[in-house]
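Letter by letter, the chains look like this.
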Amino acid sequence: MDDSIKIIISGLDYAGKTSILTALDKKFDFSKYIAELKPTIKVEYHKTSFLGLQVYTWDMGGQEKYRELYKNNQDVYFADTNLLLYIIDILDENRFETSLDYLDNILTYFKENDMDVPLIVSFHKFDPEKRGDEVINGRINKLRESIFDKYPTFKILFQQTSIFDIISIIQLISYALSVFDDKFFDLSHLLESYLKTLNCSSLIIFDENGIIISEFYADEIGPDSYIVLLESIKEHLYLLKRMQEERYESNYNFTSIENSLLSYLHKIEIGGESFYISVLIEESEKESLLHKFSDFIIDVSKIMNTLM
Ligand SMILES: Nc1nc2c(ncn2[C@@H]2O[C@H](COP(=O)(O)OP(=O)(O)OP(=O)(O)O)[C@@H](O)[C@H]2O)c(=O)[nH]1
Ligand SMILES: [Mg+2]
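Residues numbered from 1 in each chain as written. Chains lettered and ligands numbered in written order. Predicted model: local features only at pLDDT ≥ 70, side-chain atom pairs only at ≥ 80, totals over all residues.

## Structural notes on the site of ligand 1
No. 1: In the region of ligand 1, 21 residues are neighbours, and Gly 16, Thr 18, Ser 19, Thr 40 and Gly 62 sit closest.
No. 2: Per-element tally for the shell around ligand 1: the top contributor is helix α1 (residues 17–25), with 3 residues.
No. 3: Within the shell around ligand 1, the residues separate by chemical class into 7 nonpolar, 10 polar and 4 charged. (Near = placed C-beta within 6 Å. Helix = DSSP H or I, 4+ residues; strand = E, 2+ residues; numbered from the N terminus. Nonpolar A, V, L, I, M, F, W, Y, C, P; charged D, E, K, R; others polar.)

Encoded structure:
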């Protein structure tokens, strides 16, 4: 992987681009931040570090005047793009054509400049209560087919997202990361299979700053409890880090979260950096977890080593 990445997030105004980025950024209490969002003026730049990569995200305000501006200055905005995240508001059927034209405009620029930019199209505002809606599912299928047919040479991934379904946003990240390295997919699959082996409710890998590298949850964890759980895990993480910094002897690896649910944290070192593996598990499974955990660590370390 290159050590600097430019991600363009684009789509019409009101599609939900800034909301998605805000949800990613502030996984806690993000509804509060989203309620305060205003239309993006021109472009908002975000910079984050992830596993030693500098990730630059360009949130391209989608109002017509800005779309015109980008169209007339494509080199300024679209050169050196490593990934295009294109957001389509599936509730805004009247503007599907406009949105497809805008997408075409960007992809044509990539083609003309021989840029091999992977594309993720997200059908957004697919809120939990709309999942069974035949009309909406029909629209999504039609859009997917027409984009797929029109751009046979592009590497395209499709995804349905909603800010009311945090898991869909998490999947979007893992999709985006997998574009840069398949190993992110492997990691996610490994967590999925160990979730069953260890019989736990969640498995998460954090870096030292509490940034999530990969995560997986049992089906029964819905979006609401996700936020509560992450909050308690992060509290545990910071407590453990403090204790280690102060060389406190007691064992803070286990802490109880609610009723009989335990949070377990395990520190691993990879490529000279520290990571934490978090497990949420029923108290009754604790012994069995400790028994099987070393195999898990070995498998995680294998994949993480290739990512570093
Ligand atoms: N129902 C629903 N509404 C959403 C979702 N995501 C965003 N919204 C709403 O859509 C509106 C527009 O969201 P923004 O994130 O500001 O849209 P944007 O694409 O950044 O718009 P511009 O900055 O003008 O390009 C806000 O009122 C959000 O609350 C979603 O998943 N479901
Ligand atoms: Mg915006």
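From this point, the discussion proceeds with the structure in view.
## Re the domain arrangement of the protein chain
Bring the parts together and some accessible area is lost; that lost area is often taken as the interface size.
No. 1: The domains assigned to the protein chain are domain 1 (4–180) and domain 2 (183–307).
No. 2: Between domain 1 and domain 2, the C-alpha centre-to-centre distance is 30 Å.
No. 3: Between domain 1 and domain 2, the residue contacts involve 12 residues of the former and 13 residues of the latter.
No. 4: At 6 residues, helix α7 (residues 166–180) tops the list of elements feeding residues into the side of domain 1 that touches domain 2.
No. 5: Of the residues in the side of domain 1 that touches domain 2, the class split is 8 nonpolar, 2 polar and 2 charged. (Domains from an automatic or database assignment. Contact = placed C-beta atoms within 7 Å.)

## Concerning the packing of α7 against helix α8 (residues 183–197)
No. 1: At a minimum axis distance of 7 Å, the contact between α7 and α8 shows a crossing angle of 135 degrees. The angle between α7 and α8 falls in the class oblique. Residue-level contacts link Ser 174, Leu 177 and Ser 178 of α7 to Phe 184, Phe 185 and Ser 188 of α8.
No. 2: Of the residues that constitute the contact of α7 with α8, the class distribution is 3 nonpolar, 3 polar and no charged. (Axes fitted to C-alpha atoms, helices over the stretch in contact; angles between N-to-C directions. Parallel < 35°, antiparallel > 145°, perpendicular 65-115°, else oblique.)

## Points about the environment of Lys 234
No. 1: Checked against the element boundaries, Lys 234 lands in helix α9 (residues 223–245).
No. 2: Judged by local crowding, Lys 234 falls into the partly exposed class, with 17 C-beta atoms found within 10 Å.
No. 3: Measuring from C-alpha to C-alpha, the distance between Lys 234 and Glu 134 comes to 39 Å, with 100 residues separating the pair along the chain. (Buried ≥ 20, exposed ≤ 12 C-beta atoms within 10 Å, placed from the backbone.)

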